[in-house]
Amino acid sequence: MAAADAARLGDKMSSMDMTAKILGFVLGVLCAVSPAQAQSSGGAYKVIKVEGRGAGPVSSSGLLAGKTLYMAAQDGRNPDGSLPASFAQEVTQSLAHTREVLQASGMDMGNLVWVQVYVTRSQDIAAMNEVYWKSIGANPPARTVLVAANLPGGQKIQINAIAVAGSAKRQVITPAG
């Protein structure tokens, strides 16, 4: 019995040794790919920064992955970091910050495909909509509005968005009936 067990154990170890060699080879090949090769194949991304404006304390300006731009937590703060006196002005600046990130990426509001708006009070949605619809254009992107209990630093609005460069401009499609 002991000889048979030893033979099986030897076969398992030989199999594990081969698996380890294959894994080592694959990892070596993956590590040998240069960053330039990864970027040319669409594997890299670019951090988008707006000149003269840093990201907020809990956000980033944007991340361009291939032709897709991801924006997080575009708030309505003034250049000095203070919050505007009115909610409408905070919405206006939040959308302006969104536009600045788009422009820094070579895009505009027409490249937006998805927008997620966070507000802290449901009664502010109508005021937000009034500013939003004037800024967004005739063919709006997909949008979600969420009411959050609280946003960092007393903010009343934040906008997340996704935009795609070089895409066909948006067109509203209305189903029949």
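Reading the values: rules and limits
- Residues numbered from 1 in each chain as written.
- Predicted model: local features only at pLDDT ≥ 70, side-chain atom pairs only at ≥ 80, totals over all residues.
- Heavy atoms only, no water.
- Patch = residues over 30% accessible without salt bridge, like charges linked within 9 Å, V, L, I, M, F, W, Y side chains within 5 Å.
- Areas by Shrake-Rupley, 256 points an atom, 1.4 Å probe, with all protein chains shown as cover.
- Salt bridge = Lys/Arg side-chain N within 4 Å of Asp/Glu carboxyl O.
- Helix = DSSP H or I, 4+ residues; strand = E, 2+ residues; numbered from the N terminus.
- Axes fitted to C-alpha atoms, helices over the stretch in contact; angles between N-to-C directions.
- Left-handed = near helix turned anticlockwise from the far one by under 90°.
- Contact = heavy atoms within 4.5 Å.
- Nonpolar A, V, L, I, M, F, W, Y, C, P; charged D, E, K, R; others polar.
- Pairing = 2+ DSSP bridges.

The next point concerns a nonpolar patch on the surface. On the surface, a cluster of nonpolar side chains totalling about 400 Å² of accessible area is made up of Tyr-45, Val-47, Leu-63 and Tyr-70. Within the secondary structure layout, Val-47 lies in strand β1 (residues 45-48).

The N-to-C vectors of helix α3 (residues 87-104) and helix α4 (residues 125-136) enclose an angle of 35°; their axes lie 9 Å apart at closest approach. As for the relative orientation of α3 and α4, their crossing is right-handed in sense. Facing Phe-87, Ala-88, Val-91, Thr-92, Leu-95 and Arg-99 of α3, the residues of α4 in contact are Ala-127, Met-128, Val-131, Tyr-132 and Ser-135. Of the residues in the contact of α3 with α4, the class split is 8 nonpolar, 2 polar and 1 charged.

So, about the sheet that holds strand β6 (residues 157-164). Sheets are built from strands paired through backbone hydrogen bonds, the pairs being either parallel or antiparallel. The strand order across the open sheet formed by 6 strands is β1-β2-β3-β6-β4-β5, and the pairing between neighbours is mixed. Of all strands in the sheet, those bounded by a partner on one side alone are β1 and β5 (142-147). Strand-to-strand, the axes of this sheet are offset by a mean angle of 10°, without reference to chain direction. In terms of strand pairing, β1 meets strand β2 (residues 60-65) through 4 bridges, oriented antiparallel. In the sheet register, Lys-46 faces β2, and the bridge partner there is Leu-64. Its contacts with the sheet place α4 against β4 (112-119), β5 and β6, and it is angled at close to 155° to β5.

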